[in-house]
Amino acid sequence: MRAVGWARSFPVSRGVRAGRHWTREHLESLDWTKGAPETVDAILLSVSELITNAHVHAHSEAQLVLTWDSRCLHVSVHDGDSAPPAPREADGDRTSGRGLAIVDALADCWATRPQSSGKTVIACFVPPGTPPVHHGDPSG
């Protein structure tokens, strides 16, 4: 199979819900909602967290790119802040700050790439029955 991909920007207002809905539509085109529902849930939650991070911490729109290369769905979220994401220590009293820990727990691997206009966080999701990718390298 050839690689396929989709891209869209999500503004600070209404971006998280729209990003999840848009992602689900594209996962349905890959038949993942039937064959890999747990992976779909992990992807949708990670998309929510990454878009939220772009909006809340970078004060930026989120540019979401989904790329399927027959091994891994790469979920890339670009924002306008060049500062790398800073994972926080778990704190049961805080109601926020768990986004990267959630992505780390759900994705097969993830990384941050600095860009001239900000940064891109890339998470890789491998559906069941697909050979795993090397952890720590979303490019495979």
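Residues numbered from 1 in each chain as written. Predicted model: local features only at pLDDT ≥ 70, side-chain atom pairs only at ≥ 80, totals over all residues. Heavy atoms only, no water.

1. Digging into the nonpolar core
Buried together is how nonpolar side chains tend to be arranged in soluble globular proteins. One finds Leu 27, Trp 32, Ile 43, Leu 64, Leu 73, Val 75 and Phe 125 to be the most contacted residues of the largest nonpolar core, which totals 25 residues. Sorting the residues of this core by element identifies α1 (15-29), α3 (37-56), β2 (62-68), β3 (73-79) and β5 (118-125) as the ones contributing at least two each. At 8 residues, α3 tops the list of elements feeding residues into this core. (Core = buried A, V, L, I, M, F, W, Y, C linked by side-chain atoms within 4.5 Å. Buried < 20%, exposed > 50% of the residue type's maximum accessible area, 1.4 Å probe, protein only. Helix = DSSP H or I, 4+ residues; strand = E, 2+ residues; numbered from the N terminus.)

2. Thoughts on the packing of aromatic side chains
In this structure the tally under the stated criterion is 2 aromatic pairs. A ring pair is formed by Phe 10 and Trp 22, whose centres lie 5.8 Å apart and whose planes are at 70°; its orientation type is edge-to-face. Here Phe 10, found in strand β1 (residues 4-10), pairs with Trp 22, found in helix α1; they are 12 residues apart in sequence, far enough to count as distant. The two residues Phe 10 and Trp 22 agree in class, both being buried. Measuring from ring centre to ring centre gives 5.0 Å for Trp 32 and Trp 68, while their planes differ by 90°; the resulting arrangement is edge-to-face. (Phe/Tyr/Trp six-rings, centres within 6.5 Å; stacked < 30°, edge-to-face > 60°.)

3. Brief notes about the state of the cysteines
One pass over the full model with this rule turns up 1 disulfide. The partner cysteine of Cys 72 in its disulfide is Cys 124, sulfur to sulfur 1.6 Å. Note that Cys 72 is positioned in the loop between β2 and β3 and Cys 124 in strand β5, a separation of 52 residues in sequence. Comparing Cys 72 with Cys 124 shows no difference in burial state: the two are buried. Just so you know, Cys 109 is unpaired, no disulfide at all, and the nearest cysteine sulfur is the one on Cys 124, 4.4 Å from it. (Disulfide = S-S within 2.5 Å.)

4. A look at the packing of α3 against helix α4 (residues 99-106)
Interaxial distance between α3 and α4 falls to 9 Å at its minimum, and their mutual angle equals 150°. Taken together, the axes of α3 and α4 are roughly antiparallel relative to one another. As α3 packs across α4, the resulting crossing turns out to be left-handed. Residue-level inspection shows Ala 42, Leu 45, Ser 46, Glu 49, Leu 50 and Asn 53 of α3 in contact with α4, the latter providing Gly 99, Leu 100, Ile 102, Val 103 and Leu 106. (Axes fitted to C-alpha atoms, helices over the stretch in contact; angles between N-to-C directions. Parallel < 35°, antiparallel > 145°, perpendicular 65-115°, else oblique. Left-handed = near helix turned anticlockwise from the far one by under 90°. Contact = heavy atoms within 4.5 Å.)

5. With respect to α4
Those residues of α4 lying buried are Gly 99, Leu 100 and Val 103. Burial along α4 is one-sided: seen end-on, the buried residues are contained in an arc of 95°. Buried residues along α4 sit against α3, β4 (109-115) and β5. (Arc of directions from axis to C-beta.)

6. Quick word on the packing of α1 against α3
Packing of α1 against α3 brings their axes to within 9 Å, and their N-to-C directions diverge by 145°. The hand of the α1/α3 crossing is right-handed. Every residue of α3 that contacts α1 at Gly 15, Val 16, Gly 19, Arg 20, Thr 23, Arg 24 and Leu 27 is listed here: Val 40, Asp 41, Ile 43, Leu 44, Val 47, Ser 48, Ile 51, Thr 52 and His 55. Classifying every residue of the contact of α1 with α3 by side-chain character gives 7 nonpolar, 6 polar and 3 charged. (Nonpolar A, V, L, I, M, F, W, Y, C, P; charged D, E, K, R; others polar.)

7. Digging into the sheet that holds β3
Spatially, β1-β2-β3-β5-β4 is the arrangement adopted by the 5 strands of the open sheet, whose pairing is antiparallel. On the outer flanks of this sheet lie β1 and β4, each paired with one strand and no other. Direction aside, neighbouring strands of the sheet carry axes that sit 15° apart on average. For β4 and β5, the ladder comprises 7 bridges, and the chain directions are antiparallel. By the bridge assignment, Trp 110 is partnered in β5 with Ala 123. Along the sheet face, α1 touches β1, β2 and β3 and points at about 165° away from the line of β1. (Pairing = 2+ DSSP bridges.)

Geometric descriptors of this kind do not, in isolation, establish any biological role.
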